[in-house]
Amino acid sequence: MRIDIITVSPELIKSPFEHSIIKRSIDKKLVEVHFHDLREFALNKYGKIDDYQFGGGAGMVLMIEPIDKCMSKLFSQRKYDEVIYMTPDAKTLNQQTANKLSSAKNIIILTGHYKGVDQRVRDKFITKEVSIGDYVLSGGELAAAVLCDAIIRLIPGVLGDETSALTDSFQDNLLAPPVYTRPAKYDNMKVPDILLSGNFPKIDQWRHDEAVKRTKSIRPDLLSNDEDED
Ligand code: ADE
């Protein structure tokens, strides 16, 4: 998979790609990530990329021309499956969306800043808009990093243990069950006997029951949710 990220702050977003699982997936050439500094496509030598909004109101808006220049360059080089815009005024990211995007070959992610982008950018280029939650960040860079992490770890070969993504929270609309490791007893707190029993069908049933219990208590909405993805 190739991910092209268009941003006004490349330095802000690079670090998550330089560590741990994401770095290893890049080293293993399972993913390529390219950062594009919007200022390199600015209208003038002062790096102008934003302007006041028509009709008045606080906050600057990213202009269409620099984004058009950057996108047109990328479109001339390859086809993209999705052109994603990170914004709080969109559907919230969920595991289904991450699953779907993890099978894409090429994607562009545009990160907003200030008051966002000129609506015509969204109308002309964007195929999918993604929010990472009902709160406003100072820019879309951290949100893009979250989206990339959620997608990249699902690409086959990225996680060492191939089954571990399948047992994550949300894969079946359930939160993950509790997990334990050694020691079996700590300060009078014992690991549930069933997990030490070696009876794997029963352990699977216990895990499922615990997942349902946890979901009912913390996220009952997931149980009634058919999870719309787009
Ligand atoms: N940009 C600012 N806030 C955001 C959010 N919650 N999700 C995605 N992009 C954003």
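Residues numbered from 1 in each chain as written. Predicted model: local features only at pLDDT ≥ 70, side-chain atom pairs only at ≥ 80, totals over all residues. Heavy atoms only, no water.

1. Description of unusual backbone geometry
The omega torsion across arginine 182 and proline 183 is 5°, close enough to zero to call that bond cis. In this fold, proline 183 is placed in the loop between α6 (141-152) and β8 (185-186). Of note, the phi angle at serine 20 is positive, near 55°, even though the residue is not glycine. You can see serine 20 is positioned in helix α2 (residues 20-27). One non-glycine residue, asparagine 173, lies in positive phi territory at about 65°. Structurally, asparagine 173 can be placed in the loop between α6 and β8. Owing to a relative accessible area of 15%, asparagine 173 belongs among the buried residues under this scheme. (Helix = DSSP H or I, 4+ residues; strand = E, 2+ residues; numbered from the N terminus. Buried < 20%, exposed > 50% of the residue type's maximum accessible area, 1.4 Å probe, protein only.)

2. Considering the pattern of salt bridges
Using the criterion set out here, one finds twelve salt bridges in the structure. Arginine 2 is the salt-bridge partner of glutamate 32, the closest N and O atoms lying 3.5 Å from each other. Taken together, the residues span a long stretch of sequence, with glutamate 32 in strand β2 (residues 32-37) and arginine 2 in strand β1 (residues 2-7) at a distance of 30 residues. For arginine 2, a relative accessible area of 13% translates into the label buried. For the salt bridge of glutamate 210 with lysine 213, the shortest nitrogen-to-oxygen distance reads 3.0 Å. Taken together, the residues glutamate 210 and lysine 213, both in helix α8 (residues 200-218) and three residues apart, mark about one turn of the helix. By relative accessible area, glutamate 210 is classed as buried at 16%. Here the salt bridges share partners, and the residues they tie into one network are Arg2, Asp4 and Glu32. (Salt bridge = Lys/Arg side-chain N within 4 Å of Asp/Glu carboxyl O.)

3. Brief notes about the site of the ligand
The ligand sits among 13 residues. The nearest are Thr87, Ile132, Gly133, Tyr135 and Leu137. The backbone of tyrosine 135 places a nitrogen or oxygen atom 2.8 Å from a nitrogen atom of the ligand. In this structure, leucine 137 approaches the ligand through a main-chain N or O atom, which is 3.0 Å from a nitrogen atom. A class-by-class count of the residues in the shell around the ligand yields eight nonpolar, five polar and no charged. (Near = heavy atom within 4 Å. Polar contact = N/O pair within 3.5 Å; in protein donor to acceptor, adjacent residues only side chain to side chain. Nonpolar A, V, L, I, M, F, W, Y, C, P; charged D, E, K, R; others polar.)

4. Things to note about the packing of aromatic side chains
Tallied over the full model, the rule gives three aromatic pairs. The interplanar angle of 40° and the centroid separation of 6.2 Å between the aromatic rings of phenylalanine 75 and phenylalanine 125 together place this pair among those described as tilted. Linking phenylalanine 75 in helix α3 (residues 64-77) with phenylalanine 125 in the loop between α5 (119-124) and β7 (128-130), this pair joins segments that are 50 residues apart in sequence. (Phe/Tyr/Trp six-rings, centres within 6.5 Å; stacked < 30°, edge-to-face > 60°.)

5. Considering the pairing of strand β6 (residues 106-111)
Extensive coverage of β6 is indicated by the burial of six of its six residues. Burial of the side chains of β6 extends over both faces: Asn106, Ile108 and Leu110 are buried on one face and Ile107, Ile109 and Thr111 on the other. For β1 and β6, the ladder comprises five bridges, and the chain directions are parallel. By the bridge assignment, isoleucine 3 is partnered in β6 with isoleucine 107. In this structure, strand β5 (residues 82-86) lies alongside β6, joined through five bridges in parallel fashion. Directly across from methionine 86, in β6, lies its bridge partner threonine 111. Of the crossover connections in this fold, the one passing from β5 over helix α4 (residues 95-101) to the parallel β6 is right-handed. (Pairing = 2+ DSSP bridges. Right-handed = clockwise from strand over helix to strand, strands pointing away.)

6. Some details on the environment of arginine 2
When the C-alpha atoms of arginine 2 and isoleucine 26 are compared, they prove to be 10.0 Å apart, with 24 residues separating the residues in sequence. Discounting chain neighbours no more than four positions away, the residues touching arginine 2 are Glu32, His34, Leu74, Arg78, Tyr80, Lys105, Asn106 and Ile107. Among the polar contacts listed, one links the side chain of arginine 2 to the side chain of aspartate 4, at a separation of 2.8 Å. Of note is the side chain of arginine 2, whose polar atom sits 3.5 Å from the side chain of glutamate 32. (Contact = heavy atoms within 4.5 Å.)

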